[in-house]
Amino acid sequence: MSLTSDPPLSAPSTDKSGTVTAEPPATDYAQLKVVPVRHPWRWVAIAATAVLLAQFGHGLVTNAGWEWEVFAEFFTADVILKAVWTTLQLTFYGTALGFALGIVLAFMRLSSSRFLKTVAFGYIWAFRSIPLIVQLLFWFNLAYLYKELQFGIPFGPGFFSFDTMGLVGAMSAAVLGLALHQAAYAAEIVRGGVLAVDSGQLEAAAALGIPRLRQIRRIVLPQAMRSILPNAANEVISLFKGTSIVSVMAIGELFYQVQVIYGRNGRVVPLLMVATAWYILLTSALSVLQHYVERHFAKGTTR
């Protein structure tokens, strides 16, 4: 038995014919030279992209066709600010009403009632199939089909009625169309988030005697929000930009007002840049808000 701390020498190995072969000498890794992996094409791509970005920035600054003085004149004009406020109102009401109805439709599809499932599926199928512009024009011309709306006993006498023309104006029709259209997509987003929650948690909650409504409110939805939020934020941003389609109803939102102004002065490009800058600015603000809301609902899952 060796009393030294040196490792034992390995015995020479033999091949199949019985010939003794010597072990290769030990490698001194400290003497090896480490050569980093080279990526020449990556640097070529970086250089080409940098040149393109520099050319684009140079064109923005030096090309007189952008007419930045016209852009600066109209960017904070009163008519533009009012149009931005109208766009934000349409986005807020369309999102709030759309997701409120979407949550109801989502739980109808998740219910055990075949009738409720069928009704919810039919609604989602219809409103996702019909283009938004068709829906908006339909609600805008609702008075053509129904002169007045009555409220009373179904298939019986009405207690009071409203003139459809006065009740559903351009702004009301736009909010109604955007909300009903948004509800179809919100329902599928909410349903997907709820299905992402492990069903075993509901079984455990039921075993503890927690009421069904409280299970949904305190257990399912807080966890489902982590799956719902990214898709819901995308829908809100899409709706914010999609409000430009209500210009067909002559509502003074951002894109409509920009069209009116450049139709008068002929400065198409700088006015389009005004709308583009406002859309980018507000979309960026919504993205920041999304980040903080997601971080709030991610508590307990990230370190």
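Residues numbered from 1 in each chain as written. Predicted model: local features only at pLDDT ≥ 70, side-chain atom pairs only at ≥ 80, totals over all residues. Heavy atoms only, no water.

Participant: Is there a simple way to explain the overall build of the protein in this structure?
Facilitator: Counting secondary structure elements, the protein contains 12 helices and four strands. For the protein, the residues scored as buried account for 29% of the 303 residues in total. If you take every contact in the protein between residues at least 6 apart in sequence, the share linking residues at least 24 apart comes to 69%. (Helix = DSSP H or I, 4+ residues; strand = E, 2+ residues; numbered from the N terminus. Buried < 20%, exposed > 50% of the residue type's maximum accessible area, 1.4 Å probe, protein only. Contact = heavy atoms within 4.5 Å.)

Participant: It is not clear to me how the pattern of salt bridges should be interpreted in this structure. Could you clarify?
Facilitator: Two side chains carrying opposite charge are able to pair once their charged atoms lie near each other. Counting across every chain of the model gives three salt bridges. The closest approach of N and O atoms between E188 and R109, which form a salt bridge, is 3.1 Å. With a gap of 79 residues between them, E188 in helix 8 (residues 170-195) and R109 in helix 3 (residues 78-110) connect regions that are remote in the sequence. The exposure class assigned to R109 is partly exposed, which follows from its relative accessible area of 23%. (Salt bridge = Lys/Arg side-chain N within 4 Å of Asp/Glu carboxyl O.)

Participant: Sorry if this is basic, but what is going on with the packing of helix 10 (residues 212-242) against helix 12 (residues 268-297) here?
Facilitator: Packed helices, taken two at a time, are described by the angle their axes make and the gap between the axes. Here helix 10 crosses helix 12 at 175°, and the two axes come no closer than 10 Å. Between helix 10 and helix 12, the angle is such that the two are roughly antiparallel. Residue-level contacts link P222, M225, R226, L229, P230, A233, V236, I237, F240 and K241 of helix 10 to Y279, L282, T283, L286, S287, Q290, V293, E294 and F297 of helix 12. The residue inventory of the contact of helix 10 with helix 12, partitioned by class, reads 13 nonpolar, three polar and three charged. (Axes fitted to C-alpha atoms, helices over the stretch in contact; angles between N-to-C directions. Parallel < 35°, antiparallel > 145°, perpendicular 65-115°, else oblique. Nonpolar A, V, L, I, M, F, W, Y, C, P; charged D, E, K, R; others polar.)

Participant: Sorry, what's going on with the packing of aromatic side chains here?
Facilitator: To describe a pair of aromatic rings, one takes the distance between the centres and the angle between the planes. Under the definition given, this model contains eight aromatic pairs. The interplanar angle of 80° and the centroid separation of 5.4 Å between the aromatic rings of W68 and F71 together place this pair among those described as edge-to-face. Of the two residues, W68 and F71 are both situated in helix 2 (residues 68-75); the distance of three residues between them amounts to about one turn of the helix. A ring pair is formed by F240 and Y279, whose centres lie 5.5 Å apart and whose planes are at 75°; its orientation type is edge-to-face. Taken together, the residues span a long stretch of sequence, with F240 in helix 10 and Y279 in helix 12 at a distance of 39 residues. Put simply, the rings of W66, W68, F71, F75 and W278 touch in pairs and so form one group of aromatic residues. (Phe/Tyr/Trp six-rings, centres within 6.5 Å; stacked < 30°, edge-to-face > 60°.)

Participant: Is there a simple way to explain the environment of W68 in this structure?
Facilitator: Classification of W68 as partly exposed rests on a relative accessible area of 31%. Spatially, the C-alpha atom of W68 lies 9.1 Å from that of M273, the residues being 205 residues apart in sequence. Other than its neighbours up to four places away in sequence, W68 contacts L60 and M273. Here L60 takes part through its backbone oxygen, which lies 2.6 Å from a polar atom of the side chain of W68. (Polar contact = N/O pair within 3.5 Å; in protein donor to acceptor, adjacent residues only side chain to side chain.)

Participant: Got a minute to help me understand helix 10 in this structure?
Facilitator: The α-helix winds at 3.6 residues per turn, so residues separated by three or four positions along the chain end up facing the same way. The end-to-end C-alpha separation of helix 10 is 37 Å, well short of the 45 Å expected for 31 residues at 1.5 Å each. Where helix 10 bends most, at I228, the angle is about 45°, and the proline P230 comes one to four residues later. (Expected span 1.5 Å × (residues − 1). Bend = angle between axes of the 7 residues up to and from the residue.)

Participant: Quick question: what am I supposed to make of the packing of helix 5 (residues 132-140) against helix 8 here?
Facilitator: Where helix 5 meets helix 8, the closest approach of the two axes is 8 Å, and the angle between their N-to-C directions is 140°. What the angle tells us is that helix 5 and helix 8 run oblique. Our pair here, helix 5 against helix 8, has a crossing hand that is right-handed. Together, L132, Q135, L136, W139 and F140 of helix 5 and A170, A173, A174, L176, G177, L178, L180 and H181 of helix 8 make up the contact between the two elements. The residue inventory of the contact of helix 5 with helix 8, partitioned by class, reads 10 nonpolar, three polar and no charged. (Left-handed = near helix turned anticlockwise from the far one by under 90°.)

Participant: Would you mind going over the nonpolar core with me for this structure?
Facilitator: Counting 24 residues, the largest nonpolar core has L90, L105, Y123, A174, L178, V246 and M249 as its most contacted members. It is helix 8 that provides the largest number of residues to this core, a total of eight residues. (Core = buried A, V, L, I, M, F, W, Y, C linked by side-chain atoms within 4.5 Å.)

Participant: Please explain the layout of surface pockets as it appears in this structure.
Facilitator: Over the atoms, a rolled probe matching the size of one water molecule traces out where space is still vacant. Looking at the largest pocket, its volume works out to about 590 Å³. Its volume calculated, the second largest pocket comes out at about 260 Å³. Taken together, F107, L110, S111, V194, L195, V197, S199, L202, R212, I216 and V220 form the lining of the second largest pocket. Listing elements by their share of the lining of the second largest pocket, those giving two or more residues are helix 3, helix 8, helix 9 (199-207) and helix 10. Per-element tally for the lining of the second largest pocket: the top contributor is helix 10, with three residues. (1 Å grid on protein atoms, 1.4 Å probe; cavity = no way out; pocket = protein on both sides within 12 Å on 5 of 7 lines; lining within 4 Å. Points joined across faces, edges and corners; volume = space filled by probe spheres on them.)

Participant: Would you mind showing me how to read a nonpolar patch on the surface here?
Facilitator: Together, I130, I133, V134, L137 and V248 make up a nonpolar patch on the protein surface, roughly 360 Å² of accessible area in all. Residue placement: L137 occurs in helix 5. Classification of L137 by relative accessible area gives partly exposed; the value is 35%. (Patch = residues over 30% accessible without salt bridge, like charges linked within 9 Å, V, L, I, M, F, W, Y side chains within 5 Å. Areas by Shrake-Rupley, 256 points an atom, 1.4 Å probe, with all protein chains shown as cover.)

In short, shape yes, function no, at least from these values alone.
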